[in-house]
Amino acid sequence: NLYSEAILQILGKGKGNTISRTNGINKINEYLEISGLSEKVLHMEDGSGLSARNLISADLFTAFMVHIIKKYGEQQ
């Protein structure tokens, strides 16, 4: 859980950005929007998945997995 939280925080690091959970969550939301998945249900409170307020719909999870397979699945 410590590592996944750290990865989330580091994801948000960019030019002028500080390492933070909020910036990491914003980067994930930006990626979902670019990928056409932003209309699906996702609410993140932390990176570890331990918060009871974390929420991801089955529809988004499935659509994200299909997106990743289409994008990276052929590159073996």
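Up top is the structure these notes are about.
The rules behind the values
- Residues numbered from 1 in each chain as written.
- Predicted model: local features only at pLDDT ≥ 70, side-chain atom pairs only at ≥ 80, totals over all residues.
- Heavy atoms only, no water.
- Helix = DSSP H or I, 4+ residues; strand = E, 2+ residues; numbered from the N terminus.
- Contact = heavy atoms within 4.5 Å.
- Buried < 20%, exposed > 50% of the residue type's maximum accessible area, 1.4 Å probe, protein only.
- Salt bridge = Lys/Arg side-chain N within 4 Å of Asp/Glu carboxyl O.
- Patch = residues over 30% accessible without salt bridge, like charges linked within 9 Å, V, L, I, M, F, W, Y side chains within 5 Å.
- Areas by Shrake-Rupley, 256 points an atom, 1.4 Å probe, with all protein chains shown as cover.
- Expected span 1.5 Å × (residues − 1).
- Arc of directions from axis to C-beta.

S.K.: Lay out the environment of I19 in plain terms, naming residues and giving numbers.
M.R.: Take I19: it is sitting in the loop between α1 (2-11) and α2 (21-34). Distance in space between the C-alpha atoms of I19 and I7 is 9.9 Å, their sequence separation being 12 residues. When sequence neighbours within four positions are dropped, the list of residues in contact with I19 reads Q9, I10 and K13.

S.K.: Can you tell me about the environment of L55, naming the residues and giving the values?
M.R.: Mapped onto the elements, L55 comes out in strand β2 (residues 55-56). Under the relative-accessibility criterion, L55 is labelled partly exposed at 47%. It is 25 Å that separates the C-alpha atoms of L55 and T18, two residues lying 37 residues apart in sequence.

S.K.: Hey, could you go over the pattern of salt bridges for me, with residue numbers and the actual values?
M.R.: Pairing is possible between side chains of opposite charge, provided their charged atoms come close. Here the structure, examined in full by the defined rule, presents four salt bridges. The salt bridge partner of K40 is D59, with a shortest N-O separation of 3.6 Å. Note that K40 is positioned in the loop between α2 and β1 (42-43) and D59 in helix α3 (residues 58-72), a separation of 19 residues in sequence. Overall, the relative accessible area of 24% leaves K40 in the partly exposed class. Given the relative accessible area of 46%, D59 is considered partly exposed. A salt bridge links E45 to R53, with the nearest nitrogen and oxygen atoms 3.7 Å apart. Judged by its relative accessible area of 24%, E45 is partly exposed. Look at R53 and you get exposed, because its relative accessible area is 56%. Residues joined in a network through salt bridges with shared partners are E39, K40 and D59.

S.K.: Now, about a nonpolar patch on the surface: what can you tell me, with residues and values included?
M.R.: There is a patch of nonpolar side chains on the surface, built from Y3, I7 and L11 and spanning about 370 Å² of accessible area. Tracing the backbone through its elements, the reader meets Y3 in helix α1.

S.K.: Give a detailed account of α3, specifying residues and quantitative values.
M.R.: End to end, α3 covers 21 Å across 15 residues, agreeing with the expected 21 Å (1.5 Å per residue, within 8%). Inspection of α3 places L60, A63 and H67 among the buried residues, and these make up the whole buried set. Projected down its long axis, α3 shows its buried positions confined to an angular sector of 70 degrees, all on one face. Of the residues in α3, the exposed ones pointing more than 90 degrees away from the buried face are A58 and I69. The elements touched by buried residues of α3 are α2, β1 and β2.

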